[in-house]
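# A structural walkthrough
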Amino acid sequence: MEPGARTIDLRPLPFEGTWGSASTIARMVAGELVTQELESSGALEGLSKKETKRLVNEKVGDRAQELAATVADSLRTTGRFTTVEAVNGYINISYDTSSMTANLVREVLTADATYGHATPGSRRQKVMIEHSQLNTHKAAHVGHLRNICLGVAVTNISEAGGFTTMPVTYIGDIGRHVVRCLWCYSAFHEGEEPEGNASRGRWLGEIYAESVNRLNFRKDVLSVLHRVTQEDEAFVEAVDKMLKNLWREQVEGEDVAYLLGRITSQQEIKVEDLRDENVLVTFWPIVGEQLRSEAEMAAVAAEDGASAPNDHLAEWEQLNIHMADWWPQVPTWIEQEHATFQLWEKKDPAFVALWEKTRGWSVDELKEIFDEFGAHFDAWFWESAIEDAGRQIVRELLERGIAEISDGLPVVKIDERLGLEKETYHTLPILRSDGTTLYSTKDLALTQEKFEEYGVDQSIWVVDVRQSLYFDQITKILELYGFEQAANSLHLSYEFVTLPTGVISSRKGNAPMLEDVRNAMLERARAVIQEKNPSLPAEQQQQIAQDIAIGAIKYVMLARDGNKVIVFDPDEALSFDGHAAPYIQYAHARACRILEHAGVTDGAILGMIDSIEFGQLQPEELSLLQQIAEFPGIVQRAADEHRPLHITNYVYELARRFNDFYHACPVLQSEEPVRSARLALVTTTRTTLRNGLALLGIAAPRQM
RNA sequence: GCGCCCGUAGCUCAGGGGAUAGAGCGUUGGGUUGCGGACCCAAAGGCCGGAGGUUCGAAUCCUCCCGGGCGUACCA
């Protein structure tokens, strides 16, 4: 080993109540020395690797401690540190807390709202962050909530980390969902819309959900039937009897035989195979009777034992409401949907006018949501506006032989083009066979535009992890196309949000909508404020409830690593206890309160900073100061890694330490000079808490 | 098949190769003649999915295995 070739590592002491650094150098050196000594003494000869290690490990601890003690002795004689100790093979040094504290307090109060931030633009990189890609004509759900919260926080943190950021959004204002919604609107609901643009937007979301229920009605019926035959043995056994009843009622015999065969063999039923498509309308009530009698049997059995609730019956009942009415019409509706799509493709004036009008309703609603969650954008991109540019790229890709026609549609066989043996990027279709555009068509053009028109150095997509492969494909295709900057794209992915009962599926109707979650949180927050702080004026209560409700949602969405699925439990999200935003906001409010009572301002404390005595600090005070001192480093790390999680953890820990301090160290009742020192600590904490919460997009109310 | 991700306390999750692996919820028992009890303290609860490897040192890095999730040609 080369002397001096090693860097001496220093890390904060992992104990609360001390302020200093530790080095592991003695342990590292001891390991090598012990090995060398044993080797030269010949003690290791003939020993296996494992035996060698055991021998080395036996001696290394004591040796490290000896070395550490030697180093500690010589460091101590320099007189530059408050204490130097050799503990367990580590060299622990601690600093003069008084001067450290004064410097820190001065730094925080001077920087104020920018404490923890790097110099703006110090990273010399312009980063475009695309997030909150919501759709018009369709309601947003809790999954979108995670996206918005992440996008806002990542933007704030990147900016604080010294990057120049450009937040943008990309709105799905055209596509199948819009066509479906508008078909349903025209066919069933024209003129029924409520007052007010944003509420019309919400109402459109309901129309969209209805359109899906109508168009997928047959599929849903068959899927329920299939699941019942797969999961319910009693049902299959009973089917034979039921179908014989049908036979007696002289329903088409061939179809009955078909249903019988399919169900008893647990195979899927296909409408194409039925002579009379509507035989299922006749069959459906019989299915219900059977399911109901099974449920009754289960209820009886449940009295002396456990029994699962019958999901199948609930699903049956849901579908049964519209069975007779909807089932026969589904094929016509699907034709109408296709025709509506063609209206868009042909830019039919009446349709375009309807689209523009309804789009406006939705956009007003989206703006409300963005406003409430603190999402601001330097640019809005629209799917509808990028279709032509997308088609142009597809043409060029075809001309250059990068794309090809396969099975009647333009695709890029990426692995083939890259000469990869192993399937990696697969094949991506870039236009539908009928010439209508896909998401990919538009993203190819948009990605290029971001770099060329906006001159960004890096482009970040904040999007669900399920699209990882897709974004790799887009990037690779653009690289093949010769667009070098494509490599500067980053897919910042996050896992989806599920419910305790399972994956969110809007079809089952169990996906909490963004709106519902927000309203529930707000209502709960209002009730708590009313209880805790009834004397506040109503208007203020309203504002604080808003800060708390939105803060609590954001914290849940950000306090988990991106690659972890969030199980969104509405009850838990509504809890204001423990590791959650209100805990942190509460600590902040308490700090504000103390300062209010003392009647001091930041400026006053900053002015007298040199005369404040920070001499003897309590462990709780030191622990709090250390945490405050770490903030800038944490911000930097969160920015580099694009992980708001570091900030949520940090700010919680800071609040926790402040509470410890609060309980252990009286401020207003204490005597000078301690009182001033503690007031300085409180104001420093308050600023840091506020700054940390601001990065997360969470408000820091002064009272709550 | 192939690819990506996850597996840490009863549950939900932190954990930057370093000292005795930490929080919250839940459970049990405590605390204010003090600046806000949305708080605090204590107890119980862990072969960090398994097996190898690298290292003075592994929850952390590497390999394999097991279990779960997601993706994988005209959804977005």
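Residues numbered from 1 in each chain as written. Chains lettered and ligands numbered in written order. Predicted model: local features only at pLDDT ≥ 70, side-chain atom pairs only at ≥ 80, totals over all residues. Heavy atoms only, no water.

## Regarding the sheet that holds strand S1 (residues 11–12)
Keep this limit in mind: The pairing criterion is simple: DSSP has to find at least two bridges between the two strands. Runs of H or I in DSSP of at least four residues are treated as helices and runs of E of at least two as strands, each being numbered from the N terminus. Only heavy atoms matter for contacts: two residues are in contact if any of them lie within 4.5 Å across the pair. Lines are fitted to the C-alpha atoms to define the axes, a helix being fitted only along its stretch in contact, and any angle between axes, read from their N-to-C directions, falls within 0 to 180 degrees.
With respect to topology, four strands assemble into an open sheet ordered S1-S2-S4-S3, the strand pairing being antiparallel. Either end of the sheet is taken by a strand with one partner, and the two such strands are S1 and strand S3 (83–87). As judged from the four bridges shared by strand S2 (residues 20–23) and strand S4 (residues 90–94), these two strands associate in the antiparallel manner. Within S4, the position partnered with Ala22 by the bridge is Asn92. Here helix H2 (residues 49–78) sits on the sheet in contact with S3 and S4, set at roughly 175° to S3.

## Quick look at the protein's contact with RNA strand B
Heads up, the condition is: Throughout, near means a residue has at least one heavy atom within 4 Å of the molecule or strand. Pairing of N or O atoms within 3.5 Å defines a polar contact, subject to two protein rules: one partner must be a possible hydrogen donor and the other a possible acceptor, and residues neighboring in sequence count only if both atoms are side-chain atoms. Charged means Asp, Glu, Lys or Arg here, nonpolar means Ala, Val, Leu, Ile, Met, Phe, Trp, Tyr, Cys or Pro, and polar covers whatever is left, Gly included.
Residues in contact with RNA strand B amount to 71 residues; listed here are only the nearest, Lys49, Tyr583, Tyr586, Arg637 and Pro666. Put simply, 58% of the atoms of RNA strand B that lie within 4 Å of the protein are in sugar or phosphate. Here a base oxygen of RNA strand B sits 3.1 Å away from a polar atom, N or O, in the main chain of Leu668. Here the residues of the surface near RNA strand B are counted per class, giving 33 nonpolar, 19 polar and 19 charged.

## Observations regarding the pattern of salt bridges
Our working rule: A pair is scored as a salt bridge if a Lys or Arg side-chain nitrogen falls within 4 Å of a carboxyl oxygen belonging to Asp or Glu. Note on classification: 1.4 Å probe, protein chains only; a residue is buried when its accessible area is under 20% of the maximum for its type, exposed when over 50%, partly exposed between these limits.
Applying the stated criterion across every chain yields a total of 33 salt bridges. In this structure, Glu37 engages Arg63 in a salt bridge whose closest nitrogen and oxygen atoms are separated by 2.5 Å. Of this pair, Glu37 sits in helix H1 (residues 25–40) while Arg63 sits in helix H2, and the two are 26 residues apart along the sequence. Of the residues examined, Arg63 reaches a relative accessible area of 21% and is grouped as partly exposed.

## A look at the layout of surface pockets
Over the atoms rolls a probe the size of a water molecule, and its path tells where empty space is left. Filter applied, for reference: Put plainly, a pocket is an open set of points on a 1 Å grid over the protein atoms alone with protein on both sides within 12 Å along at least five of seven lines, a cavity is a set where a 1.4 Å probe fits but cannot get out, and a lining residue has an atom within 4 Å of a point. Grid points are joined across faces, edges and corners, and a volume is the space filled by probe spheres set on the points.
Roughly 370 Å³ of volume is contained in the second largest pocket. Taken together, 13 residues line the second largest pocket, and the ones lying closest to its centre are Val528, Lys532, Phe576, Tyr586 and Met704. Going through the elements one at a time, helix H19 (514–532) and helix H22 (581–598) are the ones with two or more residues in the lining of the second largest pocket. Considering each element in turn, the lining of the second largest pocket owes the most residues, four residues, to H19. Each residue belonging to the lining of the second largest pocket can be placed in one class, and the counts come to eight nonpolar, two polar and three charged.

## Here's the deal with the packing of helix H24 (residues 619–641) against helix H25 (residues 645–664)
Formally: Here is the rule for angles: anything less than 35 degrees is roughly parallel, anything more than 145 is roughly antiparallel, 65 through 115 is roughly perpendicular, and the remaining ranges are oblique.
H25 packs onto H24 with a crossing angle of 170° between their chain directions and a minimal axis gap of 9 Å. With respect to their mutual orientation, H24 and H25 come out roughly antiparallel. Tallied by class, residues from the contact of H24 with H25 come to twelve nonpolar, four polar and eight charged.

## Structural notes on H24
Rules: By definition here, a helix of n residues has an expected span of 1.5 Å times n minus one. In this scheme, the bend at a residue equals the angle between the axes fitted to the seven residues that finish there and the seven that begin there.
Taking 1.5 Å of rise per residue, 23 residues should cover 33 Å, and H24 covers 32 Å from first to last C-alpha, within 8% of that figure. Taken as a whole, H24 carries its principal kink of about 40° at Phe631; the proline Pro632 stands between one and four residues after it. Following H24 by one or two positions, His642 has its phi on the positive side, about 55°.

## Examining unusual backbone geometry
Cis peptide bonds are those with omega within 30 degrees of zero, and the linkage from Glu672 to Pro673 qualifies with 5°. Turning to its location among the elements, Pro673 is positioned in the loop between H25 and helix H26 (674–696). Look at Arg124: it is not a glycine, yet its phi comes out positive at around 55°. With respect to the element layout, Arg124 can be found in the loop between helix H3 (97–111) and strand S5 (126–130). One non-glycine residue, Lys347, lies in the positive phi region at around 55°. Within the fold, Lys347 resides in the loop between helix H13 (330–345) and helix H14 (349–372).

## Description of the confidence of the model for chain A
Quick reminder of the rule: Think of pLDDT as the predictor's per-residue confidence, scored from 0 to 100.
Residues at a pLDDT of 70 or more form 95% of chain A, whose mean pLDDT is 90. Residue range residues 1–5 is modelled with pLDDT below 50. Its contacts to residues more than four positions away, or to other chains, number two contacts. As a predicted assembly, this complex carries a pTM of 0.93 together with an ipTM value of 0.96.

## Overview of the packing of helix H20 (residues 538–558) against H22
The interhelical angle for the contact between H20 and H22, taken along N-to-C directions, is 130°, at an axis separation of 8 Å. It follows from the interaxial angle that H20 and H22 lie oblique. Along the contact surface, H20 presents Asp547, Ile548, Gly551, Ala552 and Tyr555, while H22 presents Ala581, Pro582, Ile584 and Gln585. Grouping the constituent residues of the contact of H20 with H22 by class yields six nonpolar, two polar and one charged.

## Considerations on the packing of aromatic side chains
Stated precisely, the cut-off is as follows: Whether two aromatic rings pair depends on their centres lying within 6.5 Å, for rings of Phe, Tyr and Trp, where Trp uses its six-membered ring; planes under 30 degrees apart make the pair stacked, over 60 edge-to-face, and the rest tilted. A ring is considered to have a charge above it if a Lys NZ or an Arg CZ atom is located within 6 Å of its centre and within 35 degrees of its normal.
Inspection of the entire model under this criterion finds 24 aromatic pairs. Between Phe217 and Trp326, the ring centres sit 5.6 Å apart and the planes meet at 75°, which makes this aromatic pair edge-to-face. Within this pair, whereas Phe217 is found in helix H7 (residues 217–231), its partner Trp326 is found in helix H12 (residues 323–326), the two being separated by 109 residues in sequence. Judged by its relative accessible area of 7%, Trp326 falls in the buried class. Three or more aromatic residues link up through ring pairs in this structure, and these residues are Tyr170, Tyr439, Trp461, Tyr470 and Phe471. Positioned above the aromatic ring of Phe188, the side-chain terminus of Arg214 is 3.5 Å from the ring centre.

## Considerations on the pairing of S5
The cut-off we apply is this: Whether a crossover is right-handed depends on one test, that the path from the first strand over the helix to the second runs clockwise when the strands point away from the viewer.
Judged by how many residues are buried, S5 sits mostly within the fold: four of five residues are covered. Bridge count for S5 against strand S6 (residues 164–171) is five bridges, and the pairing is parallel. Its bridge partner lying in S6, Met128 is registered against Met166. Handedness of the crossover is the feature at issue here: the chain leaves S5, passes through helix H4 (residues 142–160), returns alongside S6, and the resulting connection is right-handed. Relative to strand S11 (residues 458–464), S5 runs parallel, the two being bridged by four bridges. Among the inter-strand pairings, Glu130 is bridged to a residue of S11, identified as Trp461.

## Overview of the pairing of strand S9 (residues 409–413)
With four of five residues buried, S9 lies mostly within the body of the structure. For strand S8 (residues 404–406) and S9, the ladder comprises three bridges, and the chain directions are antiparallel. Paired with Ile405 across the two strands is Pro410, which belongs to S9. With three bridges joining them, S9 and strand S10 (residues 427–429) adopt antiparallel strand pairing. Looking across to S10, one finds that Lys413 is bridged to Thr427.

## Description of the sheet that holds S11
As summarised here, the arrangement of the five strands in space is S7-S6-S5-S11-S12, forming an open sheet in which the pairing is parallel. Each of the sheet's edge strands pairs with one partner strand only, and the pair in question is strand S7 (379–382) and strand S12 (489–494). Within this sheet the neighbouring strands show an average axis-to-axis angle of 25°, counted without direction. Sheet analysis places S6 next to S7, joined by four bridges and oriented parallel.

## A short note on H2
Because each turn of an α-helix spans 3.6 residues, side chains separated by three or four positions in sequence point in the same direction. Taking 1.5 Å per residue as the helical rise, H2 with its 30 residues ought to reach 44 Å, and the 42 Å between its terminal C-alpha atoms agrees with that figure. The sharpest bend along H2 comes to roughly 35°, located at Val60. Tucked into the core, H2 has its buried residues touching H1, S3 and S4.

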